[in-house]
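Summary of the model geometry
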Amino acid sequence: MRLREIPLELLRVEGSKVEIYGETDDFLPDEVELVLNLEYEKADGQPVQRTLVRKLRCFPAMVPPSGPTGTFTFRLEWIIDWTNEPDIREHFVKIKFTVRRVGARSVMPVRVMTPDTVGVVGIDITTHPALTRIMHHEFAVADGSAFDPSPLREYLKGLTIQQKQLLIRSALATDFPEGRLVVFVTLYKRSERRMYADWTDTSDGVIPNARFSVFFCRDNNKMKVRHPSTSPITLICHTEYLCVCLRNEPTINWLKPPPNSRNAPGMYNGRRPNEWLRKDTQAPVRFAIAALQPTSKVSSRGIWHAIYEYKSGQNIMPGNSLHGMINTRGCWMLFRNFNWPVKIREELYYIYRKIERTKGGKGAVKAALKTKACHQGVCYDFEPQTGSTHSSSYDKFISYDRNWAYLWFCHEIVGIKYYSDTDFWEKKKTVNDYKVAGREMLNKFPLSEAGKQPEYNLPEEASLSYHEFDHHHPNVTIGRSLFRENALGIKTASDFSKDMQSPLTRAQMVNSTWADVYFYKEANVNADDLSRNDVEEK
């Protein structure tokens, strides 16, 4: 089914109310049976027809009947709830309503007047291996062997009706006929999570304070290539690890406008952040995100991104950017930085922050790995012999244990080709996805897992596997030609944003932004009280 087969006013989401009017030639009891005749498609495209029954209160309707004198009108209210049918939740379902013949005297059928048909739009979760690979480090089954989508399902349950309806409108938008990526950034209350990173100029640690969720919204019921989908809205990436940095002045000024100000940044239609960030707002503020043109000064260590107000084109984070993997002085960090073994993750983080990052020297780091990073007799002190097939514990700690999810995110979701064979730390053949969940206590890395031909590369990318401007391949032109179809089969943008300061024109907003962005906050977050305490480790 295509989304446009059903008028927008008859598209619904789980949790919303459907009012059903009907008429009969007989009185109806207080409770009637509403029959739901469902049609949807399986992931392989096979049609499914199901019938469900709901018992509902029946109310007199204050509308005139269409039939002769003696015809009675009634009204039913159904709240869409798939709690007992979780397998339906991720589908786009067409529902036709009927009411059983339950009159007190007559056996004449009950006629449903309006609406007799609605479409319920579900949100499914990607199964594409190029995309689940990005999330595997964070959401894994107990033994770490595979991606676990269940935390994403819990996140989706927390979306409001208003957020889900916004995604429907995005799917029906005409600016992006192949579909549009939509990002929800949701601020949450300070937790015990760590980014496993620091502020570059100090050994102070960084904590995440927001969720970053990417949805693919489109009019088709299937993605263009490779990954079947049963809904026009698919959650393709989710992480609990985003640091909306409140150490830099532009961000804190944007999220905390002065009291009694109506025109300062962060005031939208006279609303303070505590109002416009609500998940149930009827007037969400639209932003957009663009990848910045890689240069030796901008994006020299990977792809950086900037976020713009859609209406004005203004950059809300001038002088800073959103990125992953590298530490920061004030930028927004995406995904945690390391996938160290869970059992000694805190010990390894201490060594990273307090010794490696403060120039304690390789010898001091190796000594600390031997004495501090141990579990049940296994320490990070492995030293390979000549001809060994494994790396040292030190190289595993500082290179192979890095979280490469952000690199794949820019390649598979944003759709930017690799253009370097060297990583951000002047090393080759470090990227890998070996045991990324950290559920096993391993103190060495099998070198056979390093430097493999990157998955999902285009032929012209060959074995290139990084975004590193200072080491970009001489045959690669750094510019708009780097944009490719992403893992979903769409080009999210056709060019980079050219600098970190200038606003985007309307044409640039369409051509250079790869997703719309909406900011929200959880109910227990006071946006008027945000400070650097919400991102700095205590």
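Further up the page is the structure itself.
Notes on the structure follow. (Residues numbered from 1 in each chain as written. Predicted model: local features only at pLDDT ≥ 70, side-chain atom pairs only at ≥ 80, totals over all residues. Heavy atoms only, no water.)

1. Description of the state of the cysteines
Evaluated as defined, the whole model comprises one disulfide. Between Cys 374 and Cys 379 runs a disulfide, and the two sulfur atoms are separated by 1.8 Å. Residues Cys 374 and Cys 379 are joined by a disulfide whose S-S torsion is about 110°; by sign, that bridge is right-handed. For Cys 374, a relative accessible area of 27% translates into the label partly exposed. Since its relative accessible area comes to 14%, Cys 379 is described here as buried. (Disulfide = S-S within 2.5 Å. Buried < 20%, exposed > 50% of the residue type's maximum accessible area, 1.4 Å probe, protein only.)

2. Quick notes on the pattern of salt bridges
Using the criterion set out here, one finds 34 salt bridges in the structure. Salt-bridge contacts for Asp 433 lead to Arg 133; the nearest nitrogen and oxygen are separated by 3.0 Å. Of this pair, Asp 433 sits in the loop between helix H9 (405–414) and helix H10 (506–512) while Arg 133 sits in helix H1 (residues 129–135); the two residues are 300 residues apart in sequence, bridging distant segments of the chain. Relative accessible area serves as the criterion here: at 32%, Asp 433 is assigned to the partly exposed category. Note on Arg 133: relative accessible area 15%, which makes it buried. Linked by salt bridges that have partners in common, Arg 193, Arg 211, Glu 240, Lys 279 and Glu 522 make up one network. (Salt bridge = Lys/Arg side-chain N within 4 Å of Asp/Glu carboxyl O. Helix = DSSP H or I, 4+ residues; strand = E, 2+ residues; numbered from the N terminus.)

3. Structural notes on the side chain of Ser 170
Relative to the elements of secondary structure, Ser 170 occurs in helix H3 (residues 161–172). Apart from the residues within four sequence positions on either side, Ser 170 is in contact with Val 182 and Cys 217. (Contact = heavy atoms within 4.5 Å.)

4. Quick look at the side chain of Asn 486
Mapped onto the elements of the fold, Asn 486 is located in the loop between H9 and H10. For Asn 486, a relative accessible area of 1% puts it in the buried group.

5. Considering the packing of aromatic side chains
What the rule picks out here adds up to 31 aromatic pairs. Judged by centre distance (6.0 Å) and plane angle (70°), the ring pair of Phe 212 and Phe 409 falls under edge-to-face. Placement of Phe 212 in strand E12 (residues 210–217) and of Phe 409 in helix H9 is noted, with a sequence separation of 197 residues between them. In this structure Phe 212 comes out as buried when scored by relative accessible area, which is 2%. Taking the relative accessible area as the measure of exposure, Phe 409 reaches 1% and is therefore buried. Taking the centre distance of 5.8 Å and the plane angle of 85° together, the rings of Tyr 268 and Phe 287 count as edge-to-face. Separated by 19 residues along the polypeptide, Tyr 268 in the loop between helix H4 (249–255) and helix H5 (273–276) and Phe 287 in strand E14 (residues 287–291) bring together distant segments of the chain. Judged by relative accessible area, which is 11%, Tyr 268 ranks as buried. (Phe/Tyr/Trp six-rings, centres within 6.5 Å; stacked < 30°, edge-to-face > 60°.)

6. A look at the sheet that holds strand E7 (residues 92–99)
Spatially, E1-E9-E7-E3-E4 is the arrangement adopted by the five strands of the open sheet, whose pairing is mixed. At either margin of the open sheet sits one strand with a lone partner, and together these are strand E1 (11–12) and strand E4 (47–57). The pairing of E7 with strand E9 (residues 117–121) spans five bridges and is antiparallel. Bridging across to E9, Lys 96 finds its partner in Thr 117. (Pairing = 2+ DSSP bridges.)

7. Concerning the pairing of strand E15 (residues 305–309)
Most of E15 sits out of view: five of its five residues are buried. Here E15 shows no split at all, with His 305, Ile 307 and Glu 309 on one side and Ala 306 and Tyr 308 on the other all buried. With five bridges joining them, E14 and E15 adopt antiparallel strand pairing. Bridge pairing in E15 links Phe 287 to Glu 309.

8. Observations regarding helix H2 (residues 150–157)
Of all the residues in H2, the buried ones are Leu 152, Tyr 155 and Leu 156. Along the long axis of H2, the arc covered by the buried residues comes to 100°, so they all point the same way. Where H2 is buried, its residues meet strand E10 (123–125), H1, strand E11 (180–187), E12 and strand E13 (233–243). (Arc of directions from axis to C-beta.)

9. Overview of the environment of Lys 157
With respect to the helices, strands and loops of the structure, Lys 157 is situated in helix H2. Taking the C-alpha atoms as reference points, Lys 157 and Arg 75, separated by 82 residues in sequence, lie 28 Å from one another. Within polar-contact distance, the side chain of Lys 157 engages the side chain of Glu 154 at 3.1 Å. (Polar contact = N/O pair within 3.5 Å; in protein donor to acceptor, adjacent residues only side chain to side chain.)

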